[in-house]
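# Structural overview for review
Given next are the chains, with one letter for each unit.
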Amino acid sequence: MKLKPTVKDWIRPALYQTTAYPFVDPGQAIKLDAMENPYTWDAEITEQWLDSLRTVALNRYPDAKAREIKQQLRATLQIPDAMAMILGNGSDELIQMLLLAFNGPQRVVLVPEPSFIMYRILAQVVGMEYVGIPLQAEQFELNKAAFLTAIAVHRPALIFLAYPNNPTGNCFNLADIEAIIEATPGIVVLDEAYAPFSEETWMPRLGEYPNVLITRTVSKLGLAGLRLGVLVGSGDWLEHIEKTRQPYNVNVLSQLTATFALQRYALFENQIQRIKIDRALLWEQLNALPTVTVWPSQTNFILFRVPQSPKVFEALKAHGVLVKCVHGRHPLLEDCLQVTVGTPAENQTFLESLTQII
Ligand SMILES: *Cc1c(COP(=O)(O)O)cnc(C)c1O
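Within each chain, residue numbers correspond to sequence positions counted from 1 in written order. Local features in this predicted model are restricted to residues of pLDDT 70 or higher, and side-chain atom pairs are both shown and tallied only at a pLDDT of 80 or more, whereas totals for entire chains, interfaces and linings draw on every residue. Excluded from the side-chain calculation are hydrogens and water; included are all heavy atoms of the structure.

Okay, the packing of aromatic side chains next. The rule is short: rings of Phe, Tyr and Trp, with Trp giving its six-membered ring, pair when the centres are within 6.5 Å, and they are stacked under 30 degrees, edge-to-face over 60, tilted in between. Counted under the stated rule, the structure contains 13 aromatic pairs. Relative to Phe 260, the ring of Trp 41 lies with its centre 5.7 Å away and its plane at 40°, an arrangement referred to as tilted. Here Phe 260 lies in helix 11 (residues 252-262) and Trp 41 lies in the loop between strand 1 (30-31) and helix 3 (43-53), a separation of 219 residues in the sequence. Here Trp 41 matches Phe 260 in class, with each residue buried. A network of ring pairs unites the aromatic residues Trp 41, Trp 49, Phe 260, Tyr 265 and Phe 268 as a single cluster. Whether a charge lies above a ring is judged from NZ of Lys or CZ of Arg, which has to be within 6 Å of the ring centre and within 35 degrees of the ring normal. Above the plane of the ring of Trp 202 lies Arg 205, whose end atom (NZ or CZ) is 4.1 Å from the centre. Directly above the aromatic system of Phe 260 lies the positively charged group of Arg 264, at a separation of 3.7 Å from the ring centroid. Here a strand is any run of E in DSSP of at least two residues, a helix any run of H or I of at least four, and the numbering for each starts at the N terminus. Three labels apply to residues, based on accessible area from a 1.4 Å probe with only protein chains included: buried if under 20% of the type maximum, exposed if over 50%, partly exposed otherwise in between.

Written as structure tokens, this is what we have:
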């Protein structure tokens, strides 16, 4: 009798061994685990948005060139005129496109660690060799010497630098980034997912080095449900990376909604201002707690260390507050939790629960 083929025999070994991106079901908990903006739109804006949706031709494919949304993104994100754009169904998809475009035998992607885990997961998905270089302990700065050595050894096709970094919340030292850009034979992608909450951006400097690309997303800004990211850089590179994009990858509803939303960017600016003020408050209050260590943040989350963090995480969940437990992900993140800045009321509930628990 012929044996049935087994899953293990046929799923690509590297993929078989990988674990998928971890999700925790929030249930009814206060959701401070996913770096989402807690604010929505008022009734008037929502009505205008619903009105605008009436014009959508759902029977047609989206505009192949996505002209309106690209024009709006260029204006809002101050993308230099000389630079090209590729849209992604979230910047996660852009990371995947980059890996697909640069993958090949002996091709390496180099990433500081700890950083955004999708770099590793997607490298495994496309079958590209991934090398992680530990950040420096405590301040989470790049280890420049180790990075430059790794560049000489691996000659990486791609380097991903999240700027600011997730989950550490900091922007790496600029001189270190410049040294890496100058030393690497390949491309450096600056992932600026948290740009709205940071004082730093490479955007106006894009023309300085031909081997730098930037990704941005509307997710952390307050539109995580839309799934829209943009890759920005020289057309010489993007022309070819574009070939890995599925035609019509960003649907009409996302394109129209993002255009509508970004035309009203002041709305988000107000929310971001609020979140940054609350970030400072939350930071001070966390820092005042005994046994808690807090790191500075240029993002909409705060990384902190508390003894027995997995237990604290579970206890917070039992109190109805969901944060992210990053303990166990990397030695430098021992006993660390990551909390998204929520509304003042949510932050207060989180702090009161944490105070009781510890
Ligand atoms: C959240 C996040 C992303 C993913 O963004 P999407 O556009 O939602 O896919 C990318 N990079 C970093 C560093 C992030 O934290």
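At least two bridges found by DSSP between two strands is the condition for calling them paired. The strand order across the open sheet built from seven strands is 2-8-7-6-5-3-4, with neighbouring strands paired in mixed fashion. Edge positions in the sheet fall to strand 2 (84-88) and strand 4 (129-134), since each of these pairs with one other strand and no more. For this sheet, the mean inter-axis angle between neighbouring strands, taken without regard to orientation, is 25°. Two elements, strand 2 and strand 8 (residues 229-233), share five bridges in a ladder whose sense is antiparallel. If you follow Ala 84 over to strand 8, its bridge partner there is Gly 233. Whether two residues touch is decided by their heavy atoms; if any such pair falls within 4.5 Å, the residues are in contact. Helix axes are fitted only over the stretch in contact, all axes being lines through C-alpha atoms; the angle between N-to-C directions runs from 0 to 180 degrees. Contacting strand 2 and strand 8, helix 4 (residues 67-76) crosses the sheet at an angle of about 115° to strand 2. The strands that helix 8 (residues 174-183) touches are strand 5 (158-162), strand 6 (187-191) and strand 7 (212-217); relative to strand 6, the one it contacts most, it runs at about 150°.

With that settled, consider the pattern of salt bridges. When the charged atoms of two side chains lie near each other, side chains of opposite charge can form a pair. A pair is scored as a salt bridge if a Lys or Arg side-chain nitrogen falls within 4 Å of a carboxyl oxygen belonging to Asp or Glu. Across all of its chains, the model carries 13 salt bridges by this definition. Connected through salt bridges with shared partners, the residues Lys 31, Asp 33 and Glu 36 form a single ionic network.

Our focus in this paragraph is the sheet that holds strand 9 (residues 293-294). Spatially, 9-10-13-12 is the arrangement adopted by the four strands of the open sheet, whose pairing is antiparallel. If you trace the sheet from one side to the other, it starts and ends with strand 9 and strand 12 (324-325), each paired once. In this sheet, strand 10 (residues 301-305) lies alongside strand 9 in antiparallel orientation, the contact comprising two bridges. The residue of strand 10 that forms the bridge with Thr 293 is Arg 305. Strand contacts of helix 13 (residues 309-318): strand 12 and strand 13 (336-340), with the helix running at about 35° to strand 13, the strand carrying the most contacts.

This next bit is on the environment of Glu 129. Positionally, Glu 129 belongs in strand 4. Remark: the alpha-carbon pair of Glu 129 and Arg 107, spanning 22 residues in sequence, is separated by 6.5 Å. Setting aside its immediate chain neighbours within four residues, Glu 129 contacts Arg 107, Val 108 and Val 109.

For the rest of this paragraph, the subject is the site of the ligand. The criterion for a residue being near a molecule or strand is simple. One of its heavy atoms has to lie within 4 Å of it. Near the ligand, the surroundings consist of 13 residues, among which Ser 91, Asp 191, Thr 217, Ser 219 and Lys 220 are the closest. Polar contact is defined as a pair of N or O atoms within 3.5 Å, subject to the rule that within protein one atom must be able to donate a hydrogen and the other to accept it, and that residues adjacent in sequence are counted only when both atoms are side-chain atoms. Measuring from an oxygen atom of the ligand, one finds a side-chain N or O atom of Asn 166 at 2.9 Å. Only the protein chains shown count as cover for residues, and the accessible areas themselves come from Shrake-Rupley with a 1.4 Å probe. Surface burial for the ligand is 94%, taken as the share of its 380 Å² of free accessible area covered by protein chains. Counting residues per element, the ones that place at least two in the shell around the ligand are helix 5 (91-102) and helix 9 (219-223).

Attention shifts here to unusual backbone geometry. Residues Glu 113 and Pro 114 are joined by a peptide bond in cis, for which omega reads 5°. A cis amide bond links Asn 166 to the next residue, Pro 167, at an omega of 15°. In this fold, Pro 167 is placed in the loop between strand 5 and helix 8. A positive phi angle, close to 50°, is found at Ala 66, a residue other than glycine. Take Ala 66: it is sitting in the loop between helix 3 and helix 4. The backbone phi angle of Arg 227 is positive, close to 65°, even though this residue is not glycine. Mapping Arg 227 onto the fold places it in the loop between helix 9 and strand 8.

Where helix 12 (residues 265-287) meets helix 14 (residues 344-357), the axes come as close as 11 Å, and the angle between the chain directions of the two elements is 15°. On the basis of the axis angle, helix 12 is roughly parallel to helix 14. For the element pair helix 12 and helix 14, the recorded crossing hand is right-handed. Here Arg 274, Asp 278, Leu 282, Gln 285 and Leu 286 of helix 12 come into contact with helix 14, specifically with Pro 344, Asn 347, Gln 348, Phe 350, Leu 351 and Leu 354. In this classification, the charged set is Asp, Glu, Lys and Arg, the nonpolar set is Ala, Val, Leu, Ile, Met, Phe, Trp, Tyr, Cys and Pro, and all remaining amino acids, among them Gly, are polar. In terms of residue class, the contact of helix 12 with helix 14 is built from six nonpolar, three polar and two charged. Working rule for angles: under 35 degrees goes down as roughly parallel, over 145 as roughly antiparallel, 65 to 115 as roughly perpendicular, anything else as oblique. Crossing handedness is read from the near helix: turned anticlockwise from the far helix by less than a right angle, it gives a left-handed crossing, and turned clockwise, a right-handed one.

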